[in-house]
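Coordinate inspection notes
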Amino acid sequence: MLPLDTAAYTNRWRPRHPGEKALLSLGLLVLTLVLPTWPGAALTGGVALVLVLGPAGLAVRVLWRAVRVPLGFVLTGMLPLLVSLGGDPWLRWEPAGLPQAAQLAGRAVAALLCLLLFAATTPLADLLPRLNRLGVPPAVTEVAALTYRFLFLLLESLRAVRDAQAGRLGFRTWRTSYRSLTGQGAAVFVRAFDRARRLEQGLACRGYTGSLRVQAQARPLSPAFVASTCVLLGAVVAATALLTAR
């Protein structure tokens, strides 16, 4: 399993209702978007970071593995704001773009941490069945569930093929590595279609009628958690207003 998905199943907030965690993380995300970057986004990002590492119990190593690729996109988005094209020299440093780049990075990182607060504490298996009760069409949740399942099947196939090629010394040189990667892609492609065909046949043999019914474990809402979330969000807004007034 992926590290972030494993954390979603093993964190301390797993027994909590997904609605509680959605209220907290999405509330912080909304505040990140509507409040000023400083101090609003800095406060929401800091709160999300403290919650995901503290009460939720996510390991720092897992968090870093989850954020390092998105942080690369944030850094890439900052670079055009720091340079200017045209004139002499043609490419030059633009000091006026530094505040805009800082605001972009601060808001993007804070939004990323708010989203990870929900993704790292709520498994997709707990979320999808409850989306139907909110009016999401069953076809949408079923496609999402099957895509989620096939992601891990593809990763498993990829790992098995790669281990077999490594056992046959398929990565000794650049030429053999290129040949192995080509064969790896073809093998995974064929395996994916074969697994999809077997899944379709299995569903047909079980009398599939167009709906995959999954029983979700009952998780009662905690009024104390909801109230604490509302107080926390209000405190962030108040602290932002206080710091902005200064």
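Below you will find a few notes about this structure. (Residues numbered from 1 in each chain as written. Predicted model: local features only at pLDDT ≥ 70, side-chain atom pairs only at ≥ 80, totals over all residues. Heavy atoms only, no water.)

**Notes on the overall build of the chain**
Scanning the chain for helices and strands turns up nine helices and two strands. Reading the chain from its N terminus to its C terminus gives the helix and strand order α-α-α-α-β-β-α-α-α-α-α. For the chain, the C-alpha radius of gyration of 23 Å lies well beyond 18 Å, the compact-globule estimate for 246 residues. Along the first, second and third principal axes, the C-alpha set of the chain runs to 65 × 60 × 30 Å. For the chain, buried positions account for 32% of its 246 residues. Only carbon and sulfur atoms are counted for the fraction: they give 68% of the accessible area of the chain, which is about 15,400 Å². (Helix = DSSP H or I, 4+ residues; strand = E, 2+ residues; numbered from the N terminus. Rg over C-alpha atoms; globule rule 2.2 N^0.38 Å. Buried < 20%, exposed > 50% of the residue type's maximum accessible area, 1.4 Å probe, protein only. Areas by Shrake-Rupley, 256 points an atom, 1.4 Å probe, with all protein chains shown as cover.)

**Concerning the packing of aromatic side chains**
Summed over all chains, the structure comprises two aromatic pairs. Ring geometry for F189 and F193: centres 4.9 Å apart, planes at 55°, overall tilted. Placement of the pair is F189 and F193 together in helix α8 (residues 174–205), with a separation of four residues, close to one helical turn. Lying over the aromatic face of F171, R162 brings its terminal NZ or CZ to 4.6 Å of the ring centre. (Phe/Tyr/Trp six-rings, centres within 6.5 Å; stacked < 30°, edge-to-face > 60°. Lys NZ or Arg CZ within 6 Å of the ring centre and 35° of its normal.)

**Digging into unusual backbone geometry**
P39 follows W38 through a cis peptide bond whose omega is 5°. Its location among the elements puts P39 in helix α3 (residues 37–53).

**Looking at helix α6 (residues 124–133)**
Along α6, the residues classified as buried are D126, L128, P129 and R130. Those residues of α6 that are buried are in contact with α2 (18–34) and α7 (138–167). Positioned one or two residues after α6, G135 has a phi angle of 100°, which is positive. (Contact = heavy atoms within 4.5 Å.)

**Side note on the packing of α3 against helix α9 (residues 223–245)**
A pair of packed helices is captured by two measures, namely the crossing angle of their axes and the spacing between those axes. Across the interface, α3 lies against α9 with an axial gap of 9 Å and an inter-helix angle of 145°. Crossing hand, α3 versus α9: right-handed. In this structure, α3 contributes P39, G40, L43, T44, V47 and L51 to the contact, and α9 contributes L232, V236, A239, T240, L243 and T244. A class-by-class count of the residues in the contact of α3 with α9 yields eight nonpolar, four polar and no charged. (Axes fitted to C-alpha atoms, helices over the stretch in contact; angles between N-to-C directions. Left-handed = near helix turned anticlockwise from the far one by under 90°. Nonpolar A, V, L, I, M, F, W, Y, C, P; charged D, E, K, R; others polar.)

**Brief notes about a nonpolar patch on the surface**
Together, V83, L85, W90 and L91 make up a nonpolar patch on the protein surface, roughly 440 Å² of accessible area in all. Note on placement: L85 falls in strand β1 (residues 83–85). (Patch = residues over 30% accessible without salt bridge, like charges linked within 9 Å, V, L, I, M, F, W, Y side chains within 5 Å. Salt bridge = Lys/Arg side-chain N within 4 Å of Asp/Glu carboxyl O.)

**Some remarks on the pattern of salt bridges**
If you walk through the whole model with that rule in mind, you get five salt bridges. Of the charged contacts in the structure, one is a salt bridge between R14 and D126, with a shortest N-O distance of 2.9 Å. Here R14 is found in the loop between α1 (3–10) and α2, whereas its partner D126 is found in helix α6, with 112 residues between them in sequence. The burial state of R14 is the same as that of D126; both residues are buried. One salt bridge connects D194 with R198, and the closest N-O pair in it is separated by 3.3 Å. Here the residue D194 and the residue R198 both occupy positions in helix α8, the gap between them amounting to four residues, near one helical turn. Where salt bridges share partners, they join R14, D126 and R219 into one cluster.

**With respect to the nonpolar core**
Among the nonpolar cores identified, the biggest contains 27 residues, and W13, L24, L28, L58 and L117 are the most heavily contacted of them. Going through the elements one at a time, α2, α3, α4 (60–82), α5 (98–119) and α9 are the ones with two or more residues in this core. At six residues, the largest contribution of residues to this core is made by α5. In contact with W13, not counting residues within four places along its chain, are K21, L24, L51, P55, A56, L117, T121 and F225. Counting residues in each nonpolar core, the second largest holds five residues, with V74, M78, L82 and A105 among its members. (Core = buried A, V, L, I, M, F, W, Y, C linked by side-chain atoms within 4.5 Å.)

**A short note on the side chain of T121**
Take T121: it is sitting in the loop between α5 and α6. Note on T121: relative accessible area 1%, which makes it buried. At 2.6 Å, the side chain of T121 forms a polar contact with the backbone oxygen of L117. Not counting chain neighbours up to four residues away, the residues in contact with T121 comprise A8, N11, W13, R14, K21 and A56. (Polar contact = N/O pair within 3.5 Å; in protein donor to acceptor, adjacent residues only side chain to side chain.)

All we've got here are geometric facts, nothing functional implied.
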